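In case you want the letters, here they are:
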Amino acid sequence: MASSDGFPASFYGEPGVLGMLSNGISAFLVLLQNFHTAHTGTAPAGVENILAGVHLILIGGVCQLVAGMLSFRKYDHLSGTAFIGYAALWGSYGATRIYFGASAQTPTIVPLPAQMMNNLSLSTNMTSNMSLTATMVIPVCHVCLSIKETAIAGLVPYILLSFLLAFCSATVNYIMPFVFGAITATLVFEAVGLVASSWALVVSGVLELLILIFAIYGSAALLGKGLTQRLVLKGFGTPLFNVLLLGTTNSGSAQRIGHEKKKNTKYAEPMALGFFCDTVAPFIFAFYSFGYMKSFGVGVAWVSIITVAQLFSSYYAHLRQDCYHTTKFGLHATYWLIKAWDEFVLSALVLEDGKVASGREAMVGNWFFVMAGVVLCVGSLNTDVLELIHNILFVLLTLSIPQIALQGYYIFFGVACSLFSAASLYCTFSRLINTIAEKSLIPVGPQPISSEMLKKALMCCRAKQGDQEALPQTDQGSDALFYISNGVAALSALHARSSSLNPAFLHLTVPWVLISGAIIQAYVSRLQVTGGGRFGSVIPTIYVAVWATWTWFRFSGNLLQLSAEAAYGFTAGAIALLVINAFLMLIAAYRNLVLLFLTSVMEVVLVCFLLSTLQRLPYELEIAMLALFSTICIYGALASLVNCIFSHRLLPMGPPLIKEKVRWESVPELPCPVAYSRLTSSLMKIAGFWGKEECANPRAIENIYNIKDRPAEKPICICISNVEQLVAAKPPFSPLLWEFMRNVYPGGISCIVSKGDWLFKLGVGPAYDRVGTKDSIMIRVPDHTVTGHLCDITGPLAITSANPSGEPDSTHHTMVINRLGHKLQGVLCDGDSNEVVASTVVNCLKIDEGTITIVREGCVPAVKVHQIFERVKSTMV
């Protein structure tokens, strides 16, 4: 962690204020209800519970989610994980309060269709004391059964995770451990209060009061720090204990140091959050599978909320250009969401003394999750043993499907969930500690197979082993998730014919097709929008409409008993989708053969859909096409993931059928002037846009904020050509600092130093107050000839990454032109960027005291920075 002195960019704007206040206010709301219940002996009911639940969702859920998102953008691993995790907790607890309020309703009589009556009488082995009639008395909120049991099942994993967060936060400061520790103790007594007497609610209320007090103090300390740029109140900046006391660096993981540096480290690592979610969801399923919960009506809310948090972990992995974790957490979120709504449907429709096993039907779509899990195992061979074990347990989890043995399905699934949850808990702890320490203190194991051996194994199908194509700009990190979501939807849609024979399939198939094909694919569409690809998210967006329409007509339509006139409306829609998909085939021809085959098969699938609206569907053709579509998807997922991990085409995707060669000189419609770095005249042209005076113009720096939509609290650093340019300004640096800078410049290290009048001599001029912070500034000397020569011409430059704020970095000048060209005076084109990772930021404000602090670890590992510093210190003695 960085030192508080100097307050680098990552400490500006304090989302911790919002996060801790959200926890404090949420605890206060629960406190009021607990004290009222303990005092009067009457539990809140009806509207009172519903209003309390809504407030918990808005304050503890939504507000804290915002705080977590801001923390991830500030490179704060712990706060980002904690705030989004607690947002899921308060949101789930708020939903439980709403269920409590809704459960106090009167029952109603619901008529059952005759066809469903026949199916239920055949598919359920009803006991002699249960009769089935044409009507069934079902409560308005019959899915609200087992509310208390579900709440306990959800609180237990949060207790364990909250304890881990409290322990990890003790290595950062000594305010958060008290806040998170109080939350942990509160959750324990909240769980006890659900089954015990009112004394547990009193203890819980006292602890919630402590949460409020600690949260108010912590928020005040952070707010004062942000406003005054000083530690007005104690609590932050000093940990309870040094994280390095937990162990020594694991030599077995030393080879992993370079892997993370390939990612975009401008955002905090979301891996701990992803494993956090993988702990909660299977834990709830384990309680349900072992029979502790009689209905999954409330459990679906807890699992759905935690999967939203897991999608955020996938999203921030995408922003970090980490395709492996983007795919992994996206796949897991899809699985948990589908399984939750699958069990919810069973809980709502098949009630036999609270048991649903007899109504369970085997879903073919589950086999795609098995194959996708194997794909992740292949991808994890390039990471560490812990990742591989975790993926193997996920495969075991997906193998627990009803085909193996319907009688023992839930037992097997419950055991698999228990093992997976335990592994995820350890993964959460190890990722958090290792991320905070920036070292591998908690063992995760070595890389199972070396990268070179894995490359050779994956390239065995190529004609020449040395033929490694660089990954084109059209390929994106979210492509694997695109293929997975479509594959699950297609394989699940195979139940279309079975549903005509067994109406239970109508209900069970809806979540499988709709969630994977529409909801998750809408998320994939969002990822591809930020990816900067030429065609953006066109294909996934259209396929969202395809699978949503398919579900509506083929499955929900039968349940709703659509009229013939309504079916003709779907006929017109199917024709429109056929025409649109023909254009998607043209787009796919610009990408690769796999995507072209996929869109071509989808054309045939849409023909089948059109025939089904006319009651002339050839089922055999549709089944064959859907199976072929799924097969293409599983290969596309494997190839996309492997190729993205290694940034080379190791597995063939096929060349684009249509190749367009564009000469920039022949395109007059460019949004801004362009110049080429190979020509000296081009550098002079770009320098002419600024001139000597423009570089020191505060308005020019204001334009940076406007062009990027950059938050005002994030300061700008300056770039110079070499150390000698800095020497000429005569800053009052110590000999140790000078020697350290000469050893790290030029390169991927940025140093934070004290500001002073020397900046005027350097050429910053009137822009003094617009660069850096009040007392410090970050200086960069990139190891790039073009940039260095440009700085020689213009003087120091205020620089930042050429991408809209919060989006992935631009790695090619075409991405800059496409995304920002209409706002720029000009672009200096230099092809592919060699620096796809942010620089390592070193706080040198206390270097004279013999210490430096790593503010952000980037392309240069922290271990190497400290080695350089120790070597420099030894030479200065």
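Reading the values: rules and limits
- Residues numbered from 1 in each chain as written.
- Predicted model: local features only at pLDDT ≥ 70, side-chain atom pairs only at ≥ 80, totals over all residues.
- Heavy atoms only, no water.
- Helix = DSSP H or I, 4+ residues; strand = E, 2+ residues; numbered from the N terminus.
- Buried < 20%, exposed > 50% of the residue type's maximum accessible area, 1.4 Å probe, protein only.
- Contact = heavy atoms within 4.5 Å.
- Areas by Shrake-Rupley, 256 points an atom, 1.4 Å probe, with all protein chains shown as cover.
- Phe/Tyr/Trp six-rings, centres within 6.5 Å; stacked < 30°, edge-to-face > 60°.
- Lys NZ or Arg CZ within 6 Å of the ring centre and 35° of its normal.
- Pairing = 2+ DSSP bridges.
- Salt bridge = Lys/Arg side-chain N within 4 Å of Asp/Glu carboxyl O.
- Axes fitted to C-alpha atoms, helices over the stretch in contact; angles between N-to-C directions.
- Parallel < 35°, antiparallel > 145°, perpendicular 65-115°, else oblique.
- Left-handed = near helix turned anticlockwise from the far one by under 90°.
- Nonpolar A, V, L, I, M, F, W, Y, C, P; charged D, E, K, R; others polar.
- Patch = residues over 30% accessible without salt bridge, like charges linked within 9 Å, V, L, I, M, F, W, Y side chains within 5 Å.
- Expected span 1.5 Å × (residues − 1).
- pLDDT = per-residue confidence, 0-100.

### Regarding the overall build of the protein chain
Each helix and strand counted, the protein chain has 30 helices and 12 strands in total. By the burial criterion, 58% of the 877 residues in the protein chain qualify as buried. For the protein chain, restricting intrachain contacts to residue pairs at least 6 apart in sequence, the fraction spanning at least 24 positions comes to 77%. Total accessible area on the protein chain is roughly 34,700 Å²; 64% of this is exposed by carbon and sulfur atoms.

### What about the packing of aromatic side chains?
Per the stated rule, a full pass over the model turns up 34 aromatic pairs. With centroids separated by 5.4 Å and ring planes inclined at 70°, the aromatic side chains of Tyr315 and Tyr316 adopt a geometry described as edge-to-face. Per residue, the accessibility class of Tyr315 equals that of Tyr316, and both read buried. Taken together, a centroid distance of 5.9 Å and an interplanar angle of 90° make the contact between Phe553 and Phe609 edge-to-face. Of this pair, Phe553 sits in helix α19 (residues 538-560) while Phe609 sits in helix α21 (residues 593-613), and the two are 56 residues apart along the sequence. Judged by its relative accessible area of 10%, Phe553 is buried. Put simply, the rings of Phe285, Tyr288, Phe296, Tyr335, Trp336, Phe369, Phe394, Tyr410, Phe413, Phe420 and Trp512 pair up and form one aromatic cluster. Over the face of the ring belonging to Phe413 we find Lys339, whose NZ or CZ atom lies 4.9 Å from the ring centre.

### Points about the environment of Leu606
Along the chain, the position of Leu606 falls in helix α21. Along the primary structure Leu606 and Ala574 are separated by 32 residues, whereas in three dimensions their C-alpha atoms are 6.7 Å apart. Setting aside residues no more than four positions away along its own chain, Leu606 makes contact with Val546, Leu577, Leu578 and Asn581.

### Some points on the pairing of strand β11 (residues 840-843)
Every second residue of β11 is oriented toward a common face, with Thr840 and Val842 on one face and Val841 and Asn843 on the other, all of them buried. Examined bridge by bridge, strand β7 (residues 749-754) and β11 share four bridges and lie parallel to one another. Opposite Cys751, over in β11, you have Val842 as the bridge partner. Pairing of β11 with strand β12 (residues 853-856), which is carried by three bridges, proceeds in the antiparallel orientation. Bridge assignment links Asn843 to a residue of β12, and that residue is Thr853.

### Details of the pattern of salt bridges
If you walk through the whole model with that rule in mind, you get seven salt bridges. The closest approach of N and O atoms between Arg554 and Glu622, which form a salt bridge, is 2.6 Å. Of this pair, Arg554 sits in helix α19 while Glu622 is found in helix α22 (residues 619-646), placing the two residues 68 residues apart along the sequence. Each member of the pair, Arg554 as well as Glu622, is classed as buried. One connected set of salt bridges, linked through shared partners, spans Lys328, Asp384, Glu387 and Arg431.

### Description of the environment of Pro44
Its place among the elements puts Pro44 in the loop between α1 (15-40) and α2 (47-73). Here the alpha-carbon distance between Pro44 and Asn34, two residues 10 residues apart in the chain, equals 9.1 Å. Setting aside anything within four residues of it in sequence, one finds Pro44 in contact with Gln33, Thr37, Asn49 and Arg97.

### Observations regarding the sheet that holds strand β6 (residues 717-719)
Pairing in this open sheet of six strands is mixed, and the strands run β9-β6-β8-β7-β11-β12 from one edge to the other. What marks the edges here is a single partner per strand, and that holds for β9 (797-799) and β12. The sheet shows a mean angle of 35° between the axes of neighbouring strands, direction not considered. As defined by bridge partners, β7 adjoins strand β8 (residues 776-780) across five bridges and the pair is classed as antiparallel.

### With respect to unusual backbone geometry
Glycine aside, a negative phi is what most residues show, and trans is what most peptide bonds show. Residues Tyr745 and Pro746 are joined by a peptide bond in cis, for which omega reads -10°. The residue Pro746 is located in the loop between α26 (735-744) and β7 in this model.

### Remarks on the packing of helix α6 (residues 176-193) against helix α7 (residues 199-228)
One way to put it is that α6 packs onto α7 with a least axis distance of 8 Å and a crossing angle of 160°. One finds that α6 runs roughly antiparallel with respect to α7. The element α6 and its partner α7 pack so that their crossing is left-handed. Here Phe178, Val179, Ala182, Ile183, Ala185, Thr186, Phe189, Glu190, Val192 and Gly193 of α6 come into contact with α7, specifically with Trp199, Ala200, Leu201, Val203, Ser204, Leu207, Glu208, Ile211, Phe214 and Ala215. Grouping the amino acids of the contact of α6 with α7 by side-chain chemistry returns 15 nonpolar, three polar and two charged.

### Some thoughts on a nonpolar patch on the surface
Together, Leu18, Val54, Leu58, Val62, Val66 and Leu70 give the surface a local cluster of nonpolar side chains, amounting to about 440 Å² of exposed area. Considering every element that reaches the nonpolar patch, the biggest residue donor is α2, with five residues. For Val54, the location among the structural elements is in helix α2.

### A look at helix α12 (residues 366-380)
Taking 1.5 Å as the rise per residue, α12 with 15 residues should run 21 Å; its terminal C-alpha atoms sit 21 Å apart, in good agreement. The buried fraction of α12 is high, at 11 of 15 residues. Here α12 has its buried residues at Asn366, Phe368, Phe369, Val370, Ala372, Gly373, Val375, Leu376, Cys377, Gly379 and Ser380.

### Considering the environment of Leu201
Tracing the backbone shows Leu201 in helix α7. By relative accessible area, which is 12% here, Leu201 ends up buried. Residues Leu201 and Ala191, 10 residues apart in the sequence, show an inter-C-alpha distance of 9.4 Å. Those residues in contact with Leu201 that lie beyond four places of it in its chain are Asn34, Thr37 and Gly193.

### Regarding helix α28 (residues 785-794)
If you check which residues of α28 are buried, you get Val786, Gly788, Leu790, Cys791 and Thr794. Backbone geometry just after α28 places Gly795 at a positive phi near 95°.

### Re the packing of helix α9 (residues 271-289) against helix α10 (residues 299-319)
At a minimum axis separation of 8 Å, α9 and α10 run at an interaxial angle of 160°. Considered as vectors, α9 and α10 are oriented roughly antiparallel to each other. Note on packing geometry: the crossing formed by α9 with α10 is left-handed. Counting all contacts with α9, which are made through Leu273, Gly274, Phe276, Cys277, Asp278, Val280, Ala281, Ile284 and Phe285, the residues of α10 involved are Trp302, Val303, Ile306, Ala309, Gln310 and Ser313. Each residue belonging to the contact of α9 with α10 can be placed in one class, and the counts come to 11 nonpolar, three polar and one charged.

### Some points on the confidence of the model for the protein chain
Across the protein chain, the average pLDDT comes to 80, with 79% of residues at or above 70. With pLDDT under 50 throughout, residues 105-140 is counted as low confidence; its partners more than four residues away or in other chains account for 49 contacts. Every residue in residues 662-668 scores below 50 in pLDDT, and together they form seven contacts with partners more than four places removed in sequence or on other chains.

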